[in-house]
Amino acid sequence: MKKRILVVYTGGTIGMVMTDAGYAPDSGFERKMREAQNDWPEVGAALDWSWLAVEPPIDSADMTQRHWLEMRDRIVAALAQEAHDGVVVLHGTDTLAYTASALAFLLRGLPAPVVLTGAMRPAGQPDTDAWGNLFGSMLAYREALSPGVHVYFHGRLLPGARVTKLHSDLDDAFHVLRPESLPLQPLRQQIPFDYRTRVQEVKLAVAPLYPGLRAEVLRALLSGGVQGAVLECYGTGTGPAGDATLMDVLRQAVARGVVIVGISQCPAGRMAPGQYAAGSLLRQAGVLPSGGMTREAALGKLFCLLGAGVSAADMAFWWECNLCGEHGQ
Ligand code: ASN
């Protein structure tokens, strides 16, 4: 039995063409894909695919929460209309890891697996990695893929909620630096969302800590109606706890209802905020530690939970739960 795959095209280098200003997104990718498939007979032998383009195609640098919500709606609607064994999303690489994380949460419970892929060089170039990635991701469906969101790149299938773009020009651009997922523990209560839940756009901030960060700079970042923020802490979750004004800024934001989650700036390892007083104080100020989550995963989870209407009070519980394999180590 042939598998049936929904291919969703959002843009990215994979389908770009050269313009006066440099590579730019292009709409004519479906035809190029049908032609290129002639060199990959195993694809046609194993599966059929249907095409869905999110218009206009974009450089993924322009990706927004609205795009994520539209992508989810289009995928869910297409699968409701016609049964598919899986979805392949073609995406620019610059924000592919963010989209993979956001979709991992937004599409929780979707019966079909979703695989994101893209390319470092356009499909029209002789040395392109486009076809290996695209047809490789489709052929991955010959095996039984686990439900959820995956990234297929440079011959590897990676978990969507823990992947990061580590290289700006090598083909082997995507990696998972926390390879183990913590156990997906049985939940004591019903998860507040799945792929059918209405999710709204949310005002979020990402704030790296750095030596010399002034309290007023952080205050400005956390003002203006920001609903949630990812605070990029040092090492195991420390920060400038000796700066009373800066700690007040954090406390005041939390008191206003801003959900502040802390991740580590280290690309590998886990947070242990109790290890140092400088971490404990951040925790006491209301910063929720994120274990071994990537920035992409923390941002995607914050977006989905807040966008689904989870209250600031309930956030601490859901933040600790490993909902989509986002808690790595
Ligand atoms: N700027 C491109 C994008 O993210 C990079 C790529 O796809 N390789 O859309």
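Residues numbered from 1 in each chain as written. Predicted model: local features only at pLDDT ≥ 70, side-chain atom pairs only at ≥ 80, totals over all residues. Heavy atoms only, no water.

Trainee: I'd like to hear about the overall build of the chain, residue by residue, with values.
Mentor: Counting its regular elements, the chain contains 10 helices and 14 strands. Its C-alpha atoms give the chain a radius of gyration of 21 Å, within 12% of the compact-globule value 20 Å for 329 residues. Expressed as lengths along the three principal axes of its C-alpha atoms, the size of the chain is roughly 65 × 50 × 35 Å. Within the span of the chain, comprising 329 residues, buried residues form 53% of the whole. (Helix = DSSP H or I, 4+ residues; strand = E, 2+ residues; numbered from the N terminus. Rg over C-alpha atoms; globule rule 2.2 N^0.38 Å. Buried < 20%, exposed > 50% of the residue type's maximum accessible area, 1.4 Å probe, protein only.)

Trainee: I'd like a description of the pattern of salt bridges, backed by residues and values.
Mentor: This structure, assessed with the given rule, holds 15 salt bridges. Arg4 is paired through a salt bridge with Glu82; the nearest N and O atoms lie 2.7 Å apart. Taken as a pair, Arg4 in strand β1 (residues 3-11) and Glu82 in the loop between α3 (65-81) and β5 (86-90) lie far apart in primary sequence, 78 residues in all. Residue classification places Glu82 among the partly exposed positions, given a relative accessible area of 36%. (Salt bridge = Lys/Arg side-chain N within 4 Å of Asp/Glu carboxyl O.)

Trainee: Could you give me a rundown of the UniProt feature "domain: L-asparaginase N-terminal" (unreviewed entry) in the chain, with the residues and numbers involved?
Mentor: The UniProt entry lists residues 4-176 under the feature "domain: L-asparaginase N-terminal" (unreviewed entry), expressed in the numbering used here. With 30% helix and 28% strand, residues 4-176 has its two end C-alpha atoms placed 28 Å apart. (UniProt positions renumbered as here; feature names shortened; annotations may be inferred.)

Trainee: Would you mind going over the nonpolar core in detail, with residue names and values included?
Mentor: Counting 64 residues, the largest nonpolar core has Leu116 and Trp319 as the members making the most contacts within it. In terms of residue count, the dominant contributor to this core is helix α4 (residues 96-106) (nine residues). Those residues in contact with Trp319 that sit more than four places away from it in its chain are Val261, Leu288, Pro289, Ser290, Met293, Ala298, Lys301, Leu302, Leu305 and His327. In terms of nonpolar packing, the next biggest core, distinct from the first, is built from 25 residues, Ile14, Leu90, Trp131 and Tyr141 among them. (Core = buried A, V, L, I, M, F, W, Y, C linked by side-chain atoms within 4.5 Å. Contact = heavy atoms within 4.5 Å.)

Trainee: Which residues make up the packing of helix α9 (residues 295-307) against helix α10 (residues 312-320), and what values go with them?
Mentor: Their axes nearest at 11 Å, the elements α9 and α10 cross at an angle of 135°. As judged from the angle between their axes, α9 and α10 are oblique. Classified by chirality, the crossing of α10 by α9 is right-handed. Contacts between α9 and α10 involve Ala298, Lys301, Leu302, Leu305 and Leu306 from the former and Met315, Trp318 and Trp319 from the latter. Split into classes, the residues belonging to the contact of α9 with α10 amount to seven nonpolar, no polar and one charged. (Axes fitted to C-alpha atoms, helices over the stretch in contact; angles between N-to-C directions. Parallel < 35°, antiparallel > 145°, perpendicular 65-115°, else oblique. Left-handed = near helix turned anticlockwise from the far one by under 90°. Nonpolar A, V, L, I, M, F, W, Y, C, P; charged D, E, K, R; others polar.)

Trainee: So what about the sheet that holds strand β13 (residues 259-264)? Which residues, and what values?
Mentor: With parallel pairing, the four strands of this open sheet are ordered in space as β11-β12-β13-β14. At either margin of the open sheet sits one strand with a lone partner, and together these are β11 (204-208) and β14 (288-289). Note: β13 against β14, two bridges, orientation parallel. Paired with Val261 across the two strands is Leu288, which belongs to β14. (Pairing = 2+ DSSP bridges.)

Trainee: Requested: an account of α10, with residues and values cited.
Mentor: Regarding α10, the residues found buried are Met315, Trp318 and Trp319. Along α10, the residues classed as buried sweep out an arc of 100° about the axis, all on the same side. Every exposed residue of α10 that faces more than 90 degrees away from the buried side is listed here: Ala313 and Glu320. The inward-facing, buried residues of α10 contact β13, β14 and α9. (Arc of directions from axis to C-beta.)

Trainee: How would you explain the UniProt feature "active site" (unreviewed entry) in the chain if you had to name every residue and give the values?
Mentor: UniProt's feature table lists "active site" (unreviewed entry) at Thr13 and Thr93, given in the numbering used throughout. In sequence the annotated residues extend across 81 residues, while in space they remain close, none of their C-alpha pairs exceeding 7.6 Å. Tracing the chain through its elements places Thr13 in the loop between β1 and β2 (17-19). Beyond its immediate chain neighbours, meaning those up to four positions away, Thr13 contacts Gly92, Ala119, Met120, Arg121, Pro122 and Ala123.

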